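# Chains, contacts and geometry: an overview
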2 protein chains.
Amino acid sequence: MLLMSGVALGAGISSYALGAFEPKIARKPQYGDQNDVLKVKEELRLKGLQVLDDPKSLETYGSSPNSYHPSSSHSIVVKAFSTEDVVTVVNLARKHKLPVTPYSGGTSLEGHFSGYSENLGGICIDLSGMNKVIQINEDDGDMVVQAGIRWEEVNEELAKRNIPLFFPLDPGPGATIAGGIGTGCSGTNAVRYGTARGEWYINLTAVLPNGEVIKTRRRARKSSTGFDLTKLFVGAEGTLGIVTEVTLRLAPKLPTSVAVAQFPDVQSAVSAVTELLRSDMYTHIQCVELLDVNMMRAINHAGQSNKAFADKDSLFFKFQGSPSSIKETSDLVKKIVKKHGSSRFDFARSKEEAEELWHHRKVALWSAMAWVGDKDVKIWTTDVCVPPSKLPQLVAETKQDIDEHGIISCVLGHVGDGNFHALLAFRNDEELEKVKGAVHRLVHRAHSLDGTMSGEHGVGVGKKEYLVEELGEGTVSLMRAIKQTIDPMNLFNPGKLYPEKDP
Amino acid sequence: MLLMSGVALGAGISSYALGAFEPKIARKPQYGDQNDVLKVKEELRLKGLQVLDDPKSLETYGSSPNSYHPSSSHSIVVKAFSTEDVVTVVNLARKHKLPVTPYSGGTSLEGHFSGYSENLGGICIDLSGMNKVIQINEDDGDMVVQAGIRWEEVNEELAKRNIPLFFPLDPGPGATIAGGIGTGCSGTNAVRYGTARGEWYINLTAVLPNGEVIKTRRRARKSSTGFDLTKLFVGAEGTLGIVTEVTLRLAPKLPTSVAVAQFPDVQSAVSAVTELLRSDMYTHIQCVELLDVNMMRAINHAGQSNKAFADKDSLFFKFQGSPSSIKETSDLVKKIVKKHGSSRFDFARSKEEAEELWHHRKVALWSAMAWVGDKDVKIWTTDVCVPPSKLPQLVAETKQDIDEHGIISCVLGHVGDGNFHALLAFRNDEELEKVKGAVHRLVHRAHSLDGTMSGEHGVGVGKKEYLVEELGEGTVSLMRAIKQTIDPMNLFNPGKLYPEKDP
């Protein structure tokens, strides 16, 4: 049976190579059934693995309170604590032809960890117990971890040991290293340190659909030994391999401080950022976050600040470096934001004040929810990213569109990178439909500006219908050909990332 | 015929997916013959493409004066000036089953652009005429170029237009953007800006073996839309696609200055660098280059310096930033190198002095050749890279090994990254054999320290025999499976990167 399936898919791949981009043979996954689910459960328990199969767990692991995409329960949840556990699960999944979906932080927004379908959920591997630090190589500035560890835990562990290094990719609170790799994450630090596409993962260990364990590279910081398979798993959303261990590159931890500037409009704020990121001091800007007038209104409404801000489009800055560098940077920023129309510049005068200021940026989502006021309010969070100079146009057109459709919203963004987040509020199905429409138009708007439908949240089930529009048939077809080569039975996180298509 | 070939290879790929890592069916490429070469030449000329077929050109394009690996002449050299030209050549190559090898700067060191074999050289596509700047997006900090442009030309074009941005990857003089992508390049700036594995290529356009043209991404700086096919081509040495256009991310051009410090030994120099790269000022260190005592001897012997250096292990620094940042960094460096045993620290007091100092680092290879003295001397250049803390051990053991075998050598390295270059001199076949043995042992030494056989020169024909030792069977097998999926006829740069193996 396995052989037959392999050969058929092989033929599909060949047709790609012959110049036809879409495989001629449609991939109709032929998965096992409930009988297989029962057998796998039994075998997992026999092997001593911890299995959950109560309906509540199966649902919880398959859905997110922050995402409103269609989702399904899993058939089995199994907890993994080692690479060997993952191999065991994958081998059983292959034997019984059941889908496998990795789960760790559970913070992603595009339905990445939903079960496969209503009729067959598949096996969910919970990696959150794989949260050990394996080795810290302080002199080399790197660290080996199990992939289920949260990024905040990585930094807490380093701080606890008084090691003045940190891991600079900062996706959402609670996100894990494995999850950040899966979605191709970034965060507020990206303007200074780049993203998951950069060089922060020196190597990784992954379990492939055939049960093999590979390590993508050795521990040298640089290598020009062939194309780098590490990058194959970054943004693959668990569809090509399950990442179990990672060597993280770390950065020196520098002193930081925080400032806020307020502007007459988004255009002025963005042009100030453009000038700043060309200045001699640009490397001292660790973060520069845009919070629009509504976001500031929400923060003011939440009312936990010692500062009273104006309800104006604002920039939150984090500076880094030696004390004199921070001073020089802050002076320059003050001058430049004034030139671009800012009437106000608040520089934190103490560590406490800096933390207080930055706190407002961090709790933006909660402030937004409090602001809308209704206890049944839900927030749809989405992001797109455009070339930085297109950001003002994107923001202006999007706000106009949102207003025209009567949606309550806040906007915030990693403005140095052209990455824009919209928080769209809704209270019922009618408003949800309006929000969906706004997200749909936002994606097309980003594409029309040569941007991407997601700067850091990924594709999942939420955006796969736009993948071809964004990348073109040929590029998606090549992604699919690689997927088919590595996972011919389509076992790994099926239904995510790749668009469905008719046979 | 094409179909048969595809199906057979498809079966090979399937066997990978079934758990056996090495395809069961050995890939014996069945290429066309001299008759096909004649036909392709005729068709290319009919289509108006510029073809070279004089023996001198066929040999020159297939060999390098700086590499001593076995090489073969090409059968045809054809000049491409557009993506369409490349598609034309690739389609003819596929029709007549001839290997295709891209050529652009011709500076690589591991035999990347040799013809396929003595009996059949294949088609060499010369991309060096594809050197146009297509678009500069100054406000977005990016630039679209044809891939055959040299990296120095990119920076010259920006300077000519008074745009204060630059492309920071600085491989060997004369190297092109396409070549840097192919080998996964870096250079002296890597300690500050990272390598080709980072985020400097926003997207690229590639011609695949099936003749399709794909663009890997849009122009946003960040995207989490699936796994990034850009990275598939970085380090692939032209075996997966021929890159024709690239959107480069640019960095702000900052003021720089230069300093030299001299140490009692390599260990002291490396420990000074480790401390410096943890300091508050580390982002102001654009380059930190180790030149060993022999290298300094060669530079002194070349005698073009206004400075007289001691024959000692030395660090050449390039600082960047605002004038006050450079001053603060330089003061800190002076203090730290003194603490680690440096008796001398020369900071350039003018732009001219800085250029004069840095010039010595740039012409190191020529100084080494002049130092050996014999006009028939040749230099084998090789590099490895290890975790930074292992560099002193690597240097010490390598120098001992080289001395024991009576080889004249200089050592220089991008010490901040643990990347080490050896220049090994030889004058005849006997000495060449000794050099080969030293390189062989150096690769194993790097592996024993969890390092890589090449930090920035690539694999080519020179190091493919070590690929499995470095990455493991599983990882190499996955690379090969991807290669077979994309290039089932093994047309693109065959004989490079992937190790040969018995059926």
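Each chain carries its own residue numbering, running from 1 in the written order of its sequence. Just so you know, chain letters begin at A and ligand numbers begin at 1, following the order they were written in. Side-chain atom pairs in this predicted model are given and counted only at pLDDT of 80 or more, local residue features only at pLDDT of at least 70, and totals for whole chains, interfaces and linings cover all residues. The side-chain values count all of the structure's non-hydrogen atoms but skip hydrogen atoms and water molecules.

## Re the overall build of chain A
- Where helices and strands are cited, they refer to DSSP runs of H or I of at least four residues and of E of at least two residues respectively, numbered from the N terminus. Along chain A, the regular secondary structure elements total 17 helices and 18 strands.
- Taking 503 residues into account, the globule formula puts the C-alpha radius of gyration at 23 Å, and chain A, at 23 Å, falls close to it.
- Principal axes of the C-alpha set define a box for chain A whose edges measure 70 × 55 × 50 Å.
- The 503 residues of chain A split such that 67% are buried.
- Contacts spanning at least 24 positions in sequence make up 74% of the contacts within chain A whose residues lie at least 6 apart.
- Each accessible area is a Shrake-Rupley estimate made with a 1.4 Å probe; only the visible protein chains count as cover when residues are assessed. For chain A, the accessible area works out to roughly 17800 Å², and carbon and sulfur atoms hold 51% of it.
- When charges are counted, Lys and Arg are positive and Asp and Glu negative, with His and the chain ends excluded. Taken as the charge location is NZ of Lys, CZ of Arg, CG of Asp or CD of Glu. Across chain A, 57 positive and 62 negative side-chain charges occur, with their mean positions spaced 3 Å apart. Atoms counted for the radius of gyration: C-alpha only. Globule rule: 2.2 Å times the number of residues to the power 0.38. When a residue's accessible area, from a 1.4 Å probe over protein chains only, is under 20% of the maximum for its type it is buried; when over 50% it is exposed; and in between it is partly exposed. Here, residues are in contact when the closest pair of their heavy atoms is within 4.5 Å.

## Side note on the relation of the copies chain B and chain A
- Least squares is used to superpose the copies, and the fit set is the C-alpha atoms of residues whose pLDDT is at least 70 in both copies. With an axial shift of 0.0 Å and an RMSD of 0.0 Å, the rotation relating chain B to chain A amounts to 180°. The relationship between the two copies is best expressed as a two-fold rotation axis.
- Looking at chain B, 100% of its interface residues are interface residues in chain A too, so the copies touch through the same face.

## A closer look at the pattern of salt bridges
- A pair is scored as a salt bridge if a Lys or Arg side-chain nitrogen falls within 4 Å of a carboxyl oxygen belonging to Asp or Glu. By the definition in use, this model includes 58 salt bridges over all chains.
- Ionic pairing is found between B:D401 and B:R445, a salt bridge with its closest N-O pair at 3.8 Å. Residue B:D401 is located in helix α14 (residues 391-404), and its partner B:R445 is located in helix α15 (residues 429-448); the two are separated by 44 residues in the primary sequence.
- Taking the relative accessible area as the measure of exposure, B:D401 reaches 10% and is therefore buried.
- On the basis of relative accessible area, B:R445 is assigned to the buried category, the value being 10%.
- Of the charged contacts in the structure, one is a salt bridge between B:K483 and B:D487, with a shortest N-O distance of 2.7 Å. Accessibility assignment for this pair places B:K483 and B:D487 in one class, buried.
- Among the charged side chains, a salt-bridge network with shared partners connects A:D140, A:D142, A:R218, A:R219 and B:D450.

## Overview of the interface of chain B and chain A
- The interface of chain B with chain A comprises 112 residues on the first partner and 112 residues on the second.
- If you sort the residues of chain B by the area they bury against chain A, B:R218, B:K222 and B:F227 come out on top, with a joint share of 11%.
- Counting the contacts that link chain B with chain A gives six salt bridges.
- Two N or O atoms count as a polar contact when they lie within 3.5 Å, although within protein this holds only if one can serve as hydrogen donor and the other as acceptor, and sequence-adjacent residues are included solely when both atoms are side-chain atoms. Remark: the boundary between chain B and chain A carries 56 residue pairs in polar contact (both at pLDDT 80 or more).
- Elements represented by at least two residues in the side of chain B that touches chain A include exactly α1 (2-17), α7 (190-193), β9 (213-215), α8 (230-233), β11 (251-252), α11 (323-339), α16 (467-471) and α17 (473-486) of chain B.
- Among the elements that line the side of chain B that touches chain A, the one with the most residues is α1(B), at nine residues. Summed over both partners, the accessible area lost on bringing two parts together, with a 1.4 Å probe, is the buried area.

## Remarks on helix α13 (residues 364-372) of chain B
Residues and elements named next belong to chain B.
- Turning to α13, its buried residues number three or more, namely A364, S367, A368 and V372. Taken around the axis of α13, the buried residues stretch over an arc of 130°, which confines them to a single face.
- Residues of α13 that are buried in the fold lie against α10 (293-302), α12 (351-362), β16 (378-385), β17 (409-414) and β18 (419-426).
- Immediately downstream of α13, the backbone of G373 shows phi near 95°, a positive value. This arc corresponds to the set of directions leading from the helix axis out to the C-beta atoms.

## Brief notes about the sheet that holds strand β1 (residues 50-52) of chain A
Residues and elements named next belong to chain A.
- A sheet is described by the order of its strands in space; here four strands give the open sequence β1-β2-β4-β3, paired in mixed fashion. What marks the edges here is a single partner per strand, and that holds for β1 and β3 (100-103). With direction set aside, neighbouring strand axes in the sheet form an average angle of 25°.
- Pairing between strands requires that DSSP locate at least two bridges from one strand to the other. Pairing analysis gives four bridges linking β3 to strand β4 (residues 123-126), with the strands arranged parallel. Bridging across to β4, P102 finds its partner in I125.
- Contacts from helix α2 (residues 34-46) reach β1, β2 (76-79) and β4, with the element oriented near 20° to β2. What counts as an axis is a line fitted to C-alpha atoms, over the stretch in contact for a helix, and the angles between N-to-C directions run from 0 to 180 degrees.

## Remarks on the domain arrangement of chain A
Residues and elements named next belong to chain A.
- Structurally, chain A comprises domain 1 (2-128 + 466-486), domain 2 (133-252) and domain 3 (254-462).
- Domain borders in the structure are assigned automatically or taken from a domain database. Taking only C-alpha atoms, the centre of domain 1 and the centre of domain 3 are 36 Å apart.
- Facing the eleven residues of domain 1 at the interface are 20 residues of domain 3.
- Regarding the contact of domain 1 and domain 3, the summed buried area is about 1500 Å², with carbon and sulfur atoms giving 61% of it.
- Three residues stand out in domain 1 for area buried against domain 3, namely Y68, E110 and Y466, and they jointly supply 47% of the buried area on that side.
- For the pair domain 1 and domain 3, the interface holds ten residue pairs in polar contact (both at pLDDT 80 or more).
- Counted by class, the side of domain 1 that touches domain 3 contains five nonpolar, three polar and three charged residues. Ten residue types, Ala, Val, Leu, Ile, Met, Phe, Trp, Tyr, Cys and Pro, are classed as nonpolar, four, Asp, Glu, Lys and Arg, as charged, and the remainder, Gly among them, as polar.

## Some points on the sheet that holds strand β2 (residues 76-79) of chain B
Residues and elements named next belong to chain B.
- Ordered by their spatial adjacency, four strands build an open sheet running β1-β2-β4-β3, and the pairing between neighbours is mixed. Here the strands that pair on one side only, and so sit at the sheet edges, are β1 (50-52) and β3 (100-103). Taken over all neighbouring pairs, the strand axes of this sheet differ in orientation by 25° on average, direction set aside.
- The strands that helix α4 (residues 83-96) touches are β2, β3 and β4 (123-126); relative to β4, the one it contacts most, it runs at about 175°.

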